[in-house]
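Survey of secondary and tertiary structure
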Amino acid sequence: MNWVKNYKMKDIIIRIAAVSASSIIIWNFITYLSDTFMAQQYSPLSHFIIALITTVLTVILLQIALKTDKTSWNQLGQLTVRTNIFSFLLGFFLWTIPAFIGLYICLMLGWVEIKVYTDLSYLLMSILILFITVFFLEALPEELVFRGYIYRYLNALFPHWGTIILQALLFSLFASFIGAMYSVEQLQFIPGFAIILGVFRAVSRSVWTSIGFHAAIMTATQILGPIHGHFDVSGMFTLQFLSFILLPSVVGATVLSFIYSNHNWKRKVPFN
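Residues numbered from 1 in each chain as written. Predicted model: local features only at pLDDT ≥ 70, side-chain atom pairs only at ≥ 80, totals over all residues. Heavy atoms only, no water.

Counting 73 residues, the largest nonpolar core has Trp-95, Tyr-149, Ile-211 and Phe-244 as the members making the most contacts within it. The greatest single-element share of this core, amounting to 16 residues, is contributed by helix α4 (residues 120-157). (Core = buried A, V, L, I, M, F, W, Y, C linked by side-chain atoms within 4.5 Å. Buried < 20%, exposed > 50% of the residue type's maximum accessible area, 1.4 Å probe, protein only. Helix = DSSP H or I, 4+ residues; strand = E, 2+ residues; numbered from the N terminus.)

Below, the structure is given as structure tokens:
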């Protein structure tokens, strides 16, 4: 039955290539909008509107793909609404708690210094607005495409461990085509980040776990940036590596391995 296997692989490759290429077009269009409307000065409202456009276009793309495939959203690492909310909060706190512990360690040891230029109420409001924006601009659409649609079809051909590696490669290629690989730091960060998100998606069996983790880390990273004007951070590289990446990744993977102790790394999902 090699012809059946070859047909299945060819069909999956075509589907993944089509969604990947369409995603690159969407994100480059979003970059064009950002450059057009936010080139001179950062605007939270414009940023939020662009984020909504990104999610809407991504959902439309995936809806067309799923309708063509004659499958449902449940196949993309989606479960019940209650389970999705739990998974999202799990991913969020698996980043937030270790990250704050790492931040405290870095501050106490003098590895990092942070000066705050904003009052607490305005800062909290800015964080909330940015979190919602990051959710719609990056976390939700990127995870639905790569840890949702693409992961699901790769996992029909390869076990989880192989799927994690391949989706990370595709995510890195996507990042390169949309101009996100603009520095050595990004080149080092993005592939590893995609692997971490893939592990969370695989073990929890929910794309919402990776969405929560993704939204948390990107919000924290961006709110500390100079564009928002809230903080002046000394030792940002140490903070990001130890507190934002290393500790949450190790702790998160460990906790998930206990919660989902019956996870089978060799498992494949049915093609249809």
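Okay, back to it.
What follows covers the pattern of salt bridges. A full pass over the atoms with the stated rule returns three salt bridges. Residue Asp-11 is joined to Arg-15 by a salt bridge in which the shortest nitrogen-to-oxygen separation is 2.9 Å. One end of the pair, Asp-11, and the other, Arg-15, are both in helix α1 (residues 2-37), four residues apart, so they sit about a helical turn from each other. Arg-15 carries the same exposure label as Asp-11, and that label is buried. As a salt-bridge pair, Arg-147 and Glu-143 come within 2.7 Å of each other at their nearest N and O atoms. Remark: Glu-143 and Arg-147 occur in helix α4; sequence separation between them is four residues, near one turn of the helix. (Salt bridge = Lys/Arg side-chain N within 4 Å of Asp/Glu carboxyl O.)

The next subject is the packing of aromatic side chains. On inspection of all chains with the given rule, the structure shows 16 aromatic pairs. Arranged with centres 4.9 Å apart and planes meeting at 50°, the rings of Phe-146 and Phe-174 form a pair that is tilted. Here Phe-146 is found in helix α4, whereas its partner Phe-174 is found in helix α5 (residues 160-177), with 28 residues between them in sequence. Relative accessible area serves as the criterion here: at 3%, Phe-174 is assigned to the buried category. When the ring centre of Phe-171 is taken as reference, the NZ or CZ atom of Arg-147 above it lies at 4.5 Å. Taking NZ or CZ as reference, Arg-152 lies 4.7 Å from the ring centre of Tyr-153, over its face. (Phe/Tyr/Trp six-rings, centres within 6.5 Å; stacked < 30°, edge-to-face > 60°. Lys NZ or Arg CZ within 6 Å of the ring centre and 35° of its normal.)

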